[in-house]
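Structure at a glance
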Amino acid sequence: MGFGIFVVFCYVLLIAQAKLNWERTEKFMAMCKAETGAEETMDTIVVKEELPTNPKGMCLIECLLRMQGIYDTDGVYHEDGTKKLLEEYFEESPENVEKVLRITTECSKIDTTGLNKCEAAVKHVACSRKKCAQESIVVIKERS
């Protein structure tokens, strides 16, 4: 999956923990809302982990991934950018960087034939969230 929306993208039990950078996430959220015209909120996307189903909301997710270096402007996944972000998020549990990187890389390869880059981004995030939950990886969302 933050996303911090991406990792935002990983939630369930408090076993493997990552910390969300709220200040940066809010900045990216504001920039992406302005770019896409989406009405989704931090509460909806990050705290409640609801993935949008409308075109503007889906493009908000794509924008958030792009702003964090996870995707480029063509919607192509970048493992190096993702790893850099994960190393920051999992500063206190670095053993999880490779685990989540494996999940996000695997999910970036799922079939998105016929989808635009916004729809594909949401599909990738949904996959990442599901697999992270299966491995008990969570993003701490409380503001510090």
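In this convention, every chain numbers its residues from 1, walking through the sequence in written order. Per-residue local features of the predicted model are confined to residues with pLDDT of at least 70, and side-chain atom pairs are confined, for both listing and counting, to 80 or more; whole-chain, interface and lining totals are unaffected and use all residues. Hydrogens are left out, water is left out, and the side-chain values use all remaining heavy atoms of the structure.

Here we come to the overall build of the protein. Counting its secondary structure elements, the protein contains 6 helices and 2 strands. In this text, helices come from DSSP runs of H or I with a minimum length of four residues, and strands from runs of E with a minimum of two, each type numbered from the N-terminal end. Secondary structure elements of the protein occur, N-terminal to C-terminal, as β-α-α-α-α-α-α-β.

Whenever a carboxyl oxygen of Asp or Glu lies within 4 Å of a side-chain nitrogen of Lys or Arg, that contact is scored as a salt bridge. Inspection of every chain in the model, using the stated rule, returns 6 salt bridges. One network of salt bridges, with partners in common, ties together E35, E62 and R66.

With that settled, the discussion passes to the confidence of the model for the protein. Confidence scores labelled pLDDT are given residue by residue by the predictor and lie between 0 and 100. Taken as a whole, the protein shows an average pLDDT of 82; of its residues, 81% reach a score of 70 or greater. Taken element by element, the predicted model of the protein shows its lowest mean pLDDT in strand 1 (residues 16-19) (49) and its highest in helix 3 (residues 55-67) (95).

Turning our eyes to something else, we now look at the state of the cysteines. Throughout, disulfides are identified as pairs of cysteine sulfur atoms within 2.5 Å of each other. Applying the stated criterion across every chain, the model contains 3 disulfides. Covalently, C32 is tied to C63 through a disulfide, its sulfur atoms 2.1 Å apart. Disulfide C32-C63: torsion about the S-S bond near -80°, hence left-handed. With C32 in helix 1 (residues 22-36) and C63 in helix 3, this pair connects stretches of sequence that are 31 residues apart. The buried label goes to any residue with under 20% of its type's maximum accessible area, the exposed label to any with over 50%, and the partly exposed label to all in between, with areas taken from a 1.4 Å probe on protein chains only. According to the relative accessible area criterion, C32 is buried, its value standing at 0%. With a relative accessible area of 0%, C63 lands in the buried category. Each sulfur in the disulfide pair C59 and C118 lies 2.1 Å from the other. Its S-S torsion of about 95° marks the bond between C59 and C118 as right-handed, since a negative value means left-handed.

On to the packing of helix 5 (residues 95-108) against helix 6 (residues 117-134), then. To describe two helices that pack against each other, one gives the angle between their axes and the distance between the axes. The convention used is that axes are lines fitted to C-alpha atoms, helices contributing only their stretch in contact, and that angles between N-to-C directions extend from 0 to 180 degrees. Where helix 5 contacts helix 6, the two axes come as close as 9 Å, and the packing angle between them is 140°. Viewed along their axes, helix 5 and helix 6 form a crossing whose handedness is right-handed. Mapping the contact onto sequence places V100, I103, T104, E106, C107 and S108 in helix 5 and H124, C127, S128, K131 and C132 in helix 6. Should the near helix be turned anticlockwise from the far one by less than a right angle, the crossing is termed left-handed; should it be turned clockwise, right-handed. When checking whether two residues touch, look at their non-hydrogen atoms; a contact exists if any pair is within 4.5 Å.

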